[in-house]
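Letter by letter, the chains look like this.
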Amino acid sequence: MKIKSRVYIDLELKNNQIIIPSSEIQHYLIRVLRCNLNDFFSVFNGKEEWITKVSKLEKNYCELITLKLHKKLIDKCRVDLFISPLKKAPFEFVIQKCSELGVDEFHPVHMQHTNKGNLDYSRLEMIAKESAEQCGRITVPKILKVKNFEECFKNSNYDFIIYCSLNEKDKHINGNIIKKETNRVAIVIGPEGDFSKSEFEQLENNDKFYPVSLGTTVLKSETAAIVATALLKNEINNAQKI
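Asker: It is not clear to me how the overall build of the protein chain should be interpreted in this structure. Could you clarify?
Answerer: Per the secondary structure count, the protein chain includes 6 helices and 12 strands. Pairs at least 24 residues apart make up 75% of the contacts formed inside the protein chain by residues separated by at least 6 positions. Carbon and sulfur atoms provide 49% of the accessible area of the protein chain, an area that totals close to 13,200 Å². Side chains of the protein chain carry 36 positive and 32 negative charges; the gap between the two charge centres is 6 Å.

Asker: Honestly, the nonpolar core in this entry has me stumped. Any pointers?
Answerer: In globular proteins that are soluble, nonpolar side chains generally tend to be buried together. One finds Leu 81, Ile 189 and Leu 232 to be the most contacted residues of the largest nonpolar core, which totals 33 residues. Elements with a minimum of two residues in this core: strand 6 (78–83), helix 2 (88–101), helix 3 (121–135), strand 10 (160–165), strand 11 (184–189) and helix 6 (221–240). At 6 residues, the largest contribution of residues to this core is made by helix 6. Not counting the four nearest positions on each side in its chain, Leu 232 is found in contact with Val 79, Phe 160, Ile 162, Ile 173, Ile 178, Val 185 and Ile 187.

Asker: I'm lost on the environment of Ile 177 in this one. Help?
Answerer: Inspection of the secondary structure puts Ile 177 in the loop between strand 10 and strand 11. Classification of Ile 177 as partly exposed rests on a relative accessible area of 28%. Taking the C-alpha atoms as reference points, Ile 177 and Ala 239, 62 residues apart in sequence, are found 9.8 Å from one another. Sequence-distant contacts of Ile 177, that is, excluding residues within four places in its chain, are made with Phe 160, Ile 162, Thr 182 and Tyr 210.

Asker: Would you mind showing me how to read the packing of helix 2 against helix 6 here?
Answerer: Helices that pack against each other are described as a pair by the angle of their axes relative to one another and the distance between those axes. Where helix 2 meets helix 6, the closest approach of the two axes is 9 Å, and the angle between their N-to-C directions is 5 degrees. In terms of axis orientation, helix 2 runs roughly parallel to helix 6. Within the contact between the two elements, helix 2 uses Pro 90, Phe 93, Val 94, Lys 97, Cys 98 and Leu 101 and helix 6 uses Glu 222, Ala 225, Ile 226, Thr 229, Ala 230 and Lys 233. Of the residues contributing to the contact of helix 2 with helix 6, the split by class is 8 nonpolar, 1 polar and 3 charged.

Asker: Can you walk me through the sheet that holds strand 2 (residues 18–19) in this structure?
Answerer: Across the sheet, 5 strands lie side by side as 1-3-4-5-2; this open sheet has mixed pairing. Since the sheet does not close on itself, it has two edges, and those belong to strand 1 (3–8) and strand 2, each with one partner. One ladder, built from 4 bridges, connects strand 1 with strand 3 (residues 40–44); its direction is parallel. Bridge pairing in strand 3 links Val 7 to Val 43. The strands touched by helix 3 within the sheet are strand 1 and strand 3, with strand 1 carrying the most contacts at an inclination of about 145 degrees.

Quick notes on the rules
- Residues numbered from 1 in each chain as written.
- Predicted model: local features only at pLDDT ≥ 70, side-chain atom pairs only at ≥ 80, totals over all residues.
- Heavy atoms only, no water.
- Helix = DSSP H or I, 4+ residues; strand = E, 2+ residues; numbered from the N terminus.
- Contact = heavy atoms within 4.5 Å.
- Areas by Shrake-Rupley, 256 points an atom, 1.4 Å probe, with all protein chains shown as cover.
- Lys, Arg positive; Asp, Glu negative; His and termini not counted.
- Charge placed at Lys NZ, Arg CZ, Asp CG, Glu CD.
- Core = buried A, V, L, I, M, F, W, Y, C linked by side-chain atoms within 4.5 Å.
- Buried < 20%, exposed > 50% of the residue type's maximum accessible area, 1.4 Å probe, protein only.
- Axes fitted to C-alpha atoms, helices over the stretch in contact; angles between N-to-C directions.
- Parallel < 35°, antiparallel > 145°, perpendicular 65-115°, else oblique.
- Nonpolar A, V, L, I, M, F, W, Y, C, P; charged D, E, K, R; others polar.
- Pairing = 2+ DSSP bridges.

Dropping the structure here:
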């Protein structure tokens, strides 16, 4: 059985279910992927992934039918990314790559040195969905609206939050702070001008925040976001044997 592609569909799924995809997905299956009758596709909905096949195909219309459950979402430690908005291309790159790496929620944060204004949320959500389809994850990351720095961490329910520092003496990301029972963590990435003095003070005066170093070189914000996410996810996977 050769799976032609993966598709996200926001529906509850069950065995032997007829799926009528949205017109956008039908266009993608018929015009872009050139699907044929009985082609197999993987369909996921944020909770489960099912093997389906094309059960009906017309010029501009198709239906899928679920054949068997492929996998279910496994409870795991959630990772959220708080990051100052960047220019269009670098920020889209962060959304794409950190979605592939497993970030669950993106929190754009307006900081004192942020120099980027409006975000195209529909485009960012499309990038996150396409990344999820490509990389094999079952969930599609959420992209939240921009908040001010002071609002972001009020009443937060994170086990801990790491923020990336330029101080080489700070610890590197390792498994010492990650436990098997760790449930939800966050990464904070500053803008290209770094955190302001008052923002650093807020980070340093909170017991849940841990400064980490990403090495001896100064990384751009988009690079730091991807490196920090990859390192943290790897340590979580090792600690929790995912």
